[in-house]
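# Close look at the chain arrangement
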Amino acid sequence: MRQIAIFASGSGSNFQAIVDAVQAGTLKANIGLLVCDQPGAFVIHRAQSAGIPAFVFRAKDYENKQAFEREIQRHLEAAGVDFIVLAGYMRLIGPTLLESYGGRIVNIHPSLLPAFPGKDAVGQALEAGVKITGVTVHYVDAGMDTGEIIEQEIVRISIGETRDSLQEKIQHVEHHLYPVTLNHLFLTTGY
Ligand code: GAR
């Protein structure tokens, strides 16, 4: 069984969807650790409620990215983690973690990559006036949302769509797509 860590910075609704899928038995994995870079984030409460240990840190307490990623790595190794799932973790992964976990880190992004990478993908899609956007699950490399695409799902933008309504539609898709894609990945790749 895969031992995964979930990295998150915010509300953690995707974290919750993965926890729920593991508890329901539809995602065959153990969640060994939450890694969170925002001490006030709601995702920390979700981890506590689910009985999942958390490593919470502030980047500014460390000299640089290498220093906090080394600390993260120690926690990952102690928890026996062999696969990393980014779920709203708003930082680029650096060389330290890429060297240890390269090819075993995935991310979810709220657009059809390569369109609208980076921050505020939902706002970017509305601003561009496109009628179709969506969700992408992809491997993580050193770039900003540039890794190999694993799965995508379309979300249509309706007339009169607001940021809130589009965000809700996208998150609804994410909460289904991420656990299903992870389970498929684990079954088919032997991770
Ligand atoms: C999700 O919509 C995720 O796709 C996005 O952050 C949100 C986190 O929500 N990630 C990115 O934009 C990454 N570039 P959550 O904390 O409720 O899961």
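Residues numbered from 1 in each chain as written. Predicted model: local features only at pLDDT ≥ 70, side-chain atom pairs only at ≥ 80, totals over all residues. Heavy atoms only, no water.

Attention shifts here to the overall build of the chain. The number of helices and strands found in the chain is six helices and seven strands. For a compact globule of 191 residues, the expected C-alpha radius of gyration is about 16 Å, and the chain comes in at 16 Å, within 12% of that figure. The principal-axis extents of the C-alpha atoms in the chain amount to approximately 50 × 40 × 30 Å. Counting every position in the chain, which comprises 191 residues, the buried fraction comes to 46%. Put simply, of all contacts in the chain between residues at least 6 apart along the chain, 63% involve residues at least 24 apart. Put simply, the chain shows about 9300 Å² of open surface, and 52% of that area lies on carbon and sulfur atoms. Placing the 15 positive and 20 negative side-chain charges of the chain at their respective mean positions leaves the two points 2 Å apart. (Helix = DSSP H or I, 4+ residues; strand = E, 2+ residues; numbered from the N terminus. Rg over C-alpha atoms; globule rule 2.2 N^0.38 Å. Buried < 20%, exposed > 50% of the residue type's maximum accessible area, 1.4 Å probe, protein only. Contact = heavy atoms within 4.5 Å. Areas by Shrake-Rupley, 256 points an atom, 1.4 Å probe, with all protein chains shown as cover. Lys, Arg positive; Asp, Glu negative; His and termini not counted. Charge placed at Lys NZ, Arg CZ, Asp CG, Glu CD.)

Here the focus is the UniProt feature "binding site: N(1)-(5-phospho-beta-D-ribosyl)glycinamide" (unreviewed entry) in the chain. Under the local residue numbering, the UniProt record ascribes the feature "binding site: N(1)-(5-phospho-beta-D-ribosyl)glycinamide" (unreviewed entry) to Gly12, Ser13 and Asn14. Tracing the sequence through the fold places Ser13 in helix α1 (residues 13-24). Ignoring any residue separated from it by four or fewer positions in sequence, one finds Ser13 in contact with Arg46, Gln171 and His175. Mapped onto the elements, Asn14 comes out in helix α1. (UniProt positions renumbered as here; feature names shortened; annotations may be inferred.)

Adjacent strands of a sheet form backbone hydrogen bonds with each other and so pair up, either parallel or antiparallel. In space, the seven strands of this open sheet follow the order β3-β2-β1-β4-β5-β6-β7, with mixed pairing throughout. Sheet topology places β3 (54-56) and β7 (149-156) at the edges, where each strand pairs with a single neighbour. Ignoring strand direction, the axes of neighbouring strands in this sheet form an average angle of 20°. Pairing of strand β4 (residues 83-86) with strand β5 (residues 105-109) involves three bridges; the strand directions are parallel. (Pairing = 2+ DSSP bridges. Axes fitted to C-alpha atoms, helices over the stretch in contact; angles between N-to-C directions.)

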